[in-house]
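Close look at the chain arrangement
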Amino acid sequence: MAMPAEAARGVLGSLLRDFPSPLGPEDPLPWSAQGSAALSRAEAPGELAELARRFLGGRDAPPLLASSLIHAAIDEVLQTDLSVFKKQSVEGEEEGDQGKFTLLDGGSLQRCFFNKLRDICCEWQKQLPSLKSLKRFLIISSHAIRNVRRKMEDRHVSLPEFNQLFGLSDDVDRAYFAVFDGHGGVDAANYAATHLHVNVALHKEILKNPTEALKGSFQQTDEMFLFKAERERLRSGTTGVSALIVGNRLHIAWVGDSQVMLVQQGKAVTLMEPHKPEREDERMRIEALGGCVTYMDCWRVNGTLAVSRAIAPHLERKNFLPLEPASKFLCDSDNKLHLNCWLGADALYNFVQSDSNSSGKIQICGLMLQISLWHWEHRKCHTEYTELDDPLV
C-alpha cells in the first residue's frame, strides 16, 4: 500500500515553511542534542538517525516517509569528507583498528545532516519517489512503567520500517524490535537502543544469516559502548533482547535476563533461556573466574549485580559478565504467520517462571494483549499502527 502523495507533500511543505533556509554555523539545532558532543565515525549513523526519528516523529511525519528521508540524508552525509568535522584525536580502538582515531564534532555534523535532510525534502516535494511499504499487517503496542526507581532506565525500539531506514530494497519484509533493561543509569540502554539496529543493518550477514547479524551486532555495540564509557567515565550497563522478523522467520538474540515470549497458533513456544546468576552453567562459569553467586533479596554476582551478562563497562564487569549473546531463529513454513510476540524486561518475566505451564503463559499473553488494545483505544501509551496485507499481532 503506497503512501498518498498529497499527505507526504504536506509534511515536506510544512518542514520547508518552518525552515526556509539552511542552518548556518551559529544557528541553533532544530532538536535537543542527545548524548555527547563528540562522536566516533561508527556512532554517527545511529546518533543522526535517532535525532531525526524523534524530530520527524514530533512533526507527525508518517514512519514510512520519515525512515526513507533519514536513510537518504545519512547516505549523503556519509559520502562527504567527515574529516572536516574533526574535533580531536584520541587513543583507542574503533572497528578493530588500534591506535589514534578521530572524534567528530557532534554539533557541526548535526547541522550538516539537517541541511542534507532539508535539501532532500525540497527535492521530494517537487518529485516524490516511490516509497515501498510493508506487506504485512502489524499492531505494535509499547508500555513502560518506571516502578519505584528515581529515573526510567529502560528503553525499547520498534522499527517496522527497517528496510526503508537502511535502504534494503529486496522483496523480503523486515521489522526490528528490542527492549533494553538498564541498570546503574540510562546511558548503556540509550546507547544500545540507538546503535544496535544500525549495526544489525550494516552487518555483513544481514541478508544471508540474520541470526548471526543480531548476535554479532550485540558484540559490536558492546565494544563501541566500552570505548565511549572509558572516554566519558560511564558506569551504567544494560541487558537486552532483540527480535528481527525477516519474511516468515523470527530471529532473536539476547544478553542477560530480558526476554521474549511467543504464542503461536494457541501454544506457548519457549524461545530462550535468559542469562541469570542462578543458572547452573552461569554460576559455574562465574565461580571458575574467582567470583561468587549469593542470594541477597535475589541472586547476585559478587553480592551486587543481579545479571550474569550485560553490555557494560569493564570496570563494572571485571570479566564476570562477558557479553557472549545467545541467538536462534524460528521458522514457520506456513505462508501466514500468526503470533503474539512480547519483548520485556526481567521484572515482567519474574512473574512467569520457566516451569510455568503453557496455559499460564498464554493467559499472561492474553492479558497483555487486552492491555495493549485498551491502551490503543484510549491512546494511553505509545502505539504504532501499520496497515498491511497479512495479520501479524
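Our structure is the block above this text.
Residues numbered from 1 in each chain as written. Predicted model: local features only at pLDDT ≥ 70, side-chain atom pairs only at ≥ 80, totals over all residues. Heavy atoms only, no water.

Quick look at the overall build of the chain now. Regarding its fold elements, the chain presents eleven helices and 16 strands. Within the span of the chain, comprising 393 residues, buried residues form 52% of the whole. On the chain, roughly 19400 Å² of surface is accessible, and the fraction owed to carbon and sulfur atoms is 50%. (Helix = DSSP H or I, 4+ residues; strand = E, 2+ residues; numbered from the N terminus. Buried < 20%, exposed > 50% of the residue type's maximum accessible area, 1.4 Å probe, protein only. Areas by Shrake-Rupley, 256 points an atom, 1.4 Å probe, with all protein chains shown as cover.)

What follows deals with the packing of helix α3 (residues 63–78) against helix α4 (residues 106–126). In contact at an axis separation of 9 Å, α3 and α4 are set at 120 degrees when each is read in the N-to-C sense. By the criterion of interaxial angle, the relationship of α3 to α4 is oblique. Seen from above, α3 lies across α4 with right-handed handedness. Contacts between α3 and α4 involve Leu65, Ser68, Leu69, Ile70, Ala72, Ala73, Ile74, Glu76 and Val77 on the former and, on the latter, Leu109, Phe113, Lys116, Leu117, Ile120, Cys121 and Trp124. (Axes fitted to C-alpha atoms, helices over the stretch in contact; angles between N-to-C directions. Parallel < 35°, antiparallel > 145°, perpendicular 65-115°, else oblique. Left-handed = near helix turned anticlockwise from the far one by under 90°. Contact = heavy atoms within 4.5 Å.)

What follows deals with the nonpolar core. Leu69, Leu109, Trp124, Phe162, Tyr176 and Phe180 are the most contacted members of the largest nonpolar core, which has 71 residues in total. Excluding residues within four positions of it along the chain, Leu69 makes contact with Leu12, Leu56, Leu117, Ile120, Cys121 and Trp124. In this structure, Leu134, Leu138, Ile245 and Ile252 belong to the second largest nonpolar core, which totals 16 residues. (Core = buried A, V, L, I, M, F, W, Y, C linked by side-chain atoms within 4.5 Å.)

Between the first and last C-alpha of helix α1 (residues 5–18) there are 20 Å, a value that for 14 residues agrees with the 20 Å anticipated at 1.5 Å per step. Within the span of α1, buried status applies to Ala8, Val11, Leu12, Gly13, Leu15 and Leu16. Along its buried surface, α1 packs onto α2 (44–58), α3 and α4. (Expected span 1.5 Å × (residues − 1).)

A few words now on the side chain of His197. Mapped onto the fold, His197 is located in helix α6 (residues 187–202). Judged by its relative accessible area of 2%, His197 is buried. A distance of 3.4 Å separates a polar atom in the side chain of His197 from the backbone oxygen of Ala193. The residues touching His197, leaving out its near neighbours within four places in the chain, are Val157, Leu159, Phe162, Leu165, Phe166 and Tyr176. (Polar contact = N/O pair within 3.5 Å; in protein donor to acceptor, adjacent residues only side chain to side chain.)

Evaluation of the coordinates by the stated rule reveals 14 salt bridges. Between Asp119 and Arg118 there is a salt bridge, with the nearest N and O atoms lying 3.8 Å from each other. The network of salt bridges with shared partners includes Glu50, Arg53 and Arg54. (Salt bridge = Lys/Arg side-chain N within 4 Å of Asp/Glu carboxyl O.)

On to the pairing of strand β7 (residues 237–246). Burial analysis of β7 places ten of its ten residues in the buried class, the great majority of the element. Along β7, one buried face is formed by Gly237, Thr239, Val241, Ala243 and Ile245 and the opposite face, lined by Thr238, Gly240, Ser242, Leu244 and Val246, is buried too. Pairing of strand β6 (residues 174–183) with β7 involves ten bridges; the strand directions are antiparallel. In the sheet register, His183 faces β7, and the bridge partner there is Gly237. Taking the residues that link successive antiparallel strands as the turn, the β7-strand β8 (residues 249–255) hairpin has two residues, and the phi of Gly247 there is positive, at about 60 degrees. (Pairing = 2+ DSSP bridges.)

Quick look at the packing of α2 against α4 now. Relative orientation and spacing of two packed helices are given, respectively, by the angle between their axes and the distance between those axes. At their nearest, the axes of α2 and α4 sit 11 Å apart, and the two run at 55 degrees to each other. Our classification of the angle between α2 and α4 gives oblique. The two elements α2 and α4 meet at a crossing, and its hand is right-handed. Taking contact as the criterion, the partners of Ala44, Leu48, Leu51, Ala52 and Phe55 in α2 are, on α4, Leu109, Gln110, Phe113 and Phe114. The class makeup of the residues in the contact of α2 with α4 is eight nonpolar, one polar and no charged. (Nonpolar A, V, L, I, M, F, W, Y, C, P; charged D, E, K, R; others polar.)

Not every positive phi belongs to a glycine, and Asp60 is a case in point at roughly 60 degrees. Within the secondary structure, Asp60 sits in the loop between α2 and α3. For Asp60, a relative accessible area of 65% translates into the label exposed. In this structure, Asp297 is a non-glycine residue whose phi angle is positive, near 70 degrees. Secondary-structure assignment places Asp297 in the loop between β11 (293–295) and β12 (299–301). For Asp297, a relative accessible area of 61% translates into the label exposed.

On to α2, then. An ideal rise of 1.5 Å per residue puts 21 Å on 15 residues; α2 measures up with 21 Å between its terminal C-alpha atoms. Of all 15 residues that make up α2, eleven are buried, and the element is covered over most of its length. Along α2, the positions that sit buried rather than exposed are Ala44, Pro45, Gly46, Glu47, Leu48, Ala49, Glu50, Leu51, Ala52, Phe55 and Leu56. Looking at the buried side of α2, the elements it contacts are α1, β1 (38–39), α3, α4 and α6. Of the residues one or two after α2, Asp60 is the one with positive phi, at around 60 degrees.

A few words now on the environment of Met296. Its place among the elements puts Met296 in the loop between β11 and β12. For the pair Met296 and Ala306, spaced ten residues apart in the sequence, the C-alpha separation amounts to 9.3 Å.

So, about the packing of aromatic side chains. Per the stated rule, a full pass over the model turns up ten aromatic pairs. Measuring from centroid to centroid gives 5.6 Å for Trp31 and Phe55, while their planes differ by 80 degrees, and the two rings are edge-to-face. Of this pair, Trp31 sits in the loop between α1 and β1 while Phe55 sits in helix α2; the two residues are 24 residues apart in sequence, bridging distant segments of the chain. For the residue pair Trp31 and Phe55, the accessibility class agrees, reading buried in each case. Taking 5.8 Å as the distance between ring centres and 80 degrees as the angle between the ring planes, the aromatic pair formed by Trp31 and Phe114 counts as edge-to-face. Within this pair, whereas Trp31 is found in the loop between α1 and β1, its partner Phe114 is found in helix α4, the two being separated by 83 residues in sequence. A residue is classified by how much of its surface remains accessible, and Trp31, at 11% relative accessible area, is buried. Three or more aromatic residues joined by ring pairs form one cluster here, namely Phe19, Trp31, Phe55, Phe113 and Phe114. (Phe/Tyr/Trp six-rings, centres within 6.5 Å; stacked < 30°, edge-to-face > 60°.)

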